[in-house]
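Listed below, chain by chain, are the residues.
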Amino acid sequence: MLPLAHIASALVANKLAGVMADVDDGPAPAVLGALLPDAIDKSLAWVFRVAPVARYAGHTLIAVAAAGIAGAALKDGRWGRALAVAYGVHLLGDLWQHGHVPWLMPFKRYEEESEPWAVRLDKATLVLEVVGAAVIAVYARDYARERDGARGQRVETREQSG
Ligand SMILES: [Zn+2]
C-alpha cells in the first residue's frame, strides 16, 4: 500500500471503530498514525542506515502501543486511541500482496527481508491509491460540513447567551 491508501484505510477504520478524534482535531491522529510507521522505519533504513530493513521497530505491536500511549500523553485518551487504531491499520495494510510485518519483534526473530529502494508500482496498487484518494475526498467533504456545522452552533450559542 502507498500513502493515500494507508490514510484512507486509517480514516475509515477510525470512523468504524468510533474513535474519530474531536471535530476540532479533525483527521490529524488518523493521518499521523497512517504515515508514522513508514516515516520511522524508512528513515532508519534508507536515510540513517541503522535498520537492516524498511519494516522494522516501527512496524511492531509495541510501536502501536507506544503510539497510543504517546498520543494519549500529548493530547488525550481519545486522540491516543485514534492514533493507535490508525497505526495498527497501517501494519495490516502492509500485509497487502503478501507483505511482511515483524509484529512481535523483539520477542521473535524474523528472517530479514530486504526491500528495494524503489516502490513497486503495479496495477492493483495504483487502483488502491485512486480508491484511497476518492475516500479521502469524500471524508474531507464530510469533515468540512461537520466542522462548519459545529462552528455555526457555537456562534448561535454565543449569540443566544450574549
Ligand atoms: Zn509500512
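Residue numbers restart at each chain and count upward from 1, following the sequence in its written direction. Only residues with pLDDT of 70 or above have their local features reported here, since the model is predicted, and side-chain atom pairs are shown and tallied only from 80 upward, although totals for entire chains, interfaces and linings are computed over all residues.

## Regarding the nonpolar core
Okay, step 1: Residues of type Ala, Val, Leu, Ile, Met, Phe, Trp, Tyr and Cys that are buried and joined through C-beta atoms within 7 Å form what is called a nonpolar core. Any residue with 12 or fewer other C-beta atoms within 10 Å of its own C-beta is exposed, any with 20 or more is buried, and the rest are partly exposed; the C-beta atoms used are placed from the backbone. Counting 25 residues, the largest nonpolar core has A10, A82, L83, V85 and A86 as the members making the most contacts within it.
Okay, step 2: Put simply, the parts of the chain that give this core at least two residues each are α1 (3-17), α2 (28-47), α3 (61-74), α4 (77-93) and α5 (123-161).
Okay, step 3: The helix count covers DSSP runs of H or I at least four residues long, the strand count covers runs of E at least two residues long, and both are numbered beginning at the N terminus. The element best represented in this core is α4, accounting for 9 residues.
Okay, step 4: Here contacts are defined at the residue level, using C-beta atoms placed from the backbone and a cut-off of 7 Å between them. Setting aside residues up to four positions removed in sequence, A86 forms contacts with A10, A13, N14, P29, A30, G33 and A34.

## Overview of α2
Okay, step 1: Bending is quantified residue by residue as the angle between axes fitted to the seven-residue window ending at that residue and the seven-residue window starting at it. Along α2, the largest kink reaches about 35° and is centred on L35; proline P37 follows within four residues of it.
Okay, step 2: Every buried residue belonging to α2 is among P29, A30, G33, A34, P37, D41 and A45, and all of these are buried.

## Things to note about α4
Okay, step 1: A helix is expected to span 1.5 Å multiplied by its residue count minus one. With 17 residues, α4 should cover 24 Å at 1.5 Å per step; its first-to-last C-alpha distance of 24 Å lies within 8% of that length.
Okay, step 2: Taking burial as the measure, the 17 residues of α4 include 14 buried ones, the bulk of the element.

## Considerations on unusual backbone geometry
Okay, step 1: Cis geometry is adopted by the peptide bond preceding P106, which originates at M105 and carries an omega value of 5°.
Okay, step 2: Mapped onto the secondary structure, P106 falls in the loop between α4 and α5.
Okay, step 3: The backbone of R49 sits at a positive phi, close to 55°, despite the residue not being glycine.
Okay, step 4: Its place among the elements puts R49 in the loop between α2 and α3.
Okay, step 5: For Q97, which is not glycine, the phi dihedral falls at a positive 55°.
Okay, step 6: In this structure, Q97 sits in the loop between α4 and α5.

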